[in-house]
Amino acid sequence: MDKVVALAACLVLAAAPALAARKPHAVAKMAGLDGKAMGTVDFAQTNHGVLITFDLHGLSPGPHAIHIHTSGNCDAKVKFTSAGPHFSPEPKNHGFMVKGGPHPGDLPNQFADEAGVLHASTLSNMFSLGNGKKSIFDRDGAAIVVHAKADDYTSQPAGDSGDRVACGVIVRTVGPAARKGAKRNTHA
Ligand SMILES: [Cu+2]
């Protein structure tokens, strides 16, 4: 009897990682305006939002605004403006402190150390990596952008966070294929 219970427990434990692995996952390889690699941002869908893990270097020390921008296009020649405005399928104001906000692509500020290294994680349930209504993966994808300064969570349209200093196209590594013909999740 005990052996049967133990075997059942083993099967449950063995199955759990396989089930978890099917949840959507994505990664963004970050680059600076000079084209140099600046690390990665990892996205893991959980039952309670998307877990975002930053592994970045080459930043100026101190706080940086980081947002999901609406287009998967990081062109350094146009200073990453090609990534478009913040991800927001419906018209919303920017900022956690603002009435009518935030943009679903808004994230809390992150802090680089004296060496310009940033290791941190955060969780957002304002967007998803699947194909549902909250998905960032519309026809033209999405990008994650690091700004030169902190987000004041108030100023429009981007929290007075300054230049875009690093950008990475968010690429899904696990999950359904990108939707075809879905409208752009854009708002100025
Ligand atoms: Cu931004």
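Residues numbered from 1 in each chain as written. Predicted model: local features only at pLDDT ≥ 70, side-chain atom pairs only at ≥ 80, totals over all residues.

From N to C terminus, the protein chain includes one helix and nine strands. For the protein chain, the N- to C-terminal ordering of α and β elements is α-β-β-β-β-β-β-β-β-β. In the protein chain, the proportion of contacts linking residues at least 24 apart, taken out of those at least 6 apart, comes to 63%. (Helix = DSSP H or I, 4+ residues; strand = E, 2+ residues; numbered from the N terminus. Contact = placed C-beta atoms within 7 Å.)

Omega for the peptide link from Gly 101 to Pro 102 comes to -5 degrees, which places this bond in the cis form. On the secondary structure map, Pro 102 appears in the loop between β5 (66–69) and β6 (110–112). Going from Gln 156 to Pro 157, the amide bond is cis rather than trans, its omega being 0 degrees. As for its position among the elements, Pro 157 is in the loop between β8 (143–147) and β9 (164–174). Notably, Lys 79 is not glycine yet its phi reads approximately 55 degrees, a positive angle. Here Lys 79 is to be found in the loop between β5 and β6.

Core analysis: the biggest nonpolar cluster contains 34 residues, and Ala 143, Ile 144, Cys 167 and Ile 170 have the highest contact counts within it. For this core, the elements supplying multiple residues, two or more each, are β1 (25–32), β2 (37–46), β3 (49–56), β5, β8 and β9. Once residues within four sequence positions are removed from consideration, Ile 144 is found in contact with Ala 28, Val 41, Ile 66, Ile 68, Gly 168 and Ile 170. (Core = buried A, V, L, I, M, F, W, Y, C linked by C-beta atoms within 7 Å. Buried ≥ 20, exposed ≤ 12 C-beta atoms within 10 Å, placed from the backbone.)

The sheet built from seven strands is open, its strands ordered β5-β8-β9-β1-β2-β3-β7 with antiparallel pairing. Whereas interior strands pair on both sides, the edge strands pair on one side only; in this sheet they are β5 and β7 (118–124). This sheet shows a mean twist of 20 degrees between the axes of neighbouring strands, independent of strand direction. Relative to β8, β5 is paired through four bridges, and the arrangement is antiparallel. Looking at β8, one finds that Ile 66 is bridged to Val 146. (Pairing = 2+ DSSP bridges. Axes fitted to C-alpha atoms, helices over the stretch in contact; angles between N-to-C directions.)

The subject of this paragraph is the pairing of β2. Sheet topology note: the β1/β2 ladder contains seven bridges and is antiparallel. Bridging across to β2, Ala 31 finds its partner in Ala 37. In this structure, the hairpin formed by β1 and β2 is closed by a connection of four residues, where Gly 35 is found at a positive phi of approximately 85 degrees. Of the pairings in the sheet, the one linking β2 to β3 comprises eight bridges and is antiparallel in character. Directly across from Asp 42, in β3, lies its bridge partner Thr 53. Hairpin remark: β2 followed by β3, antiparallel, with two residues in the connecting loop.

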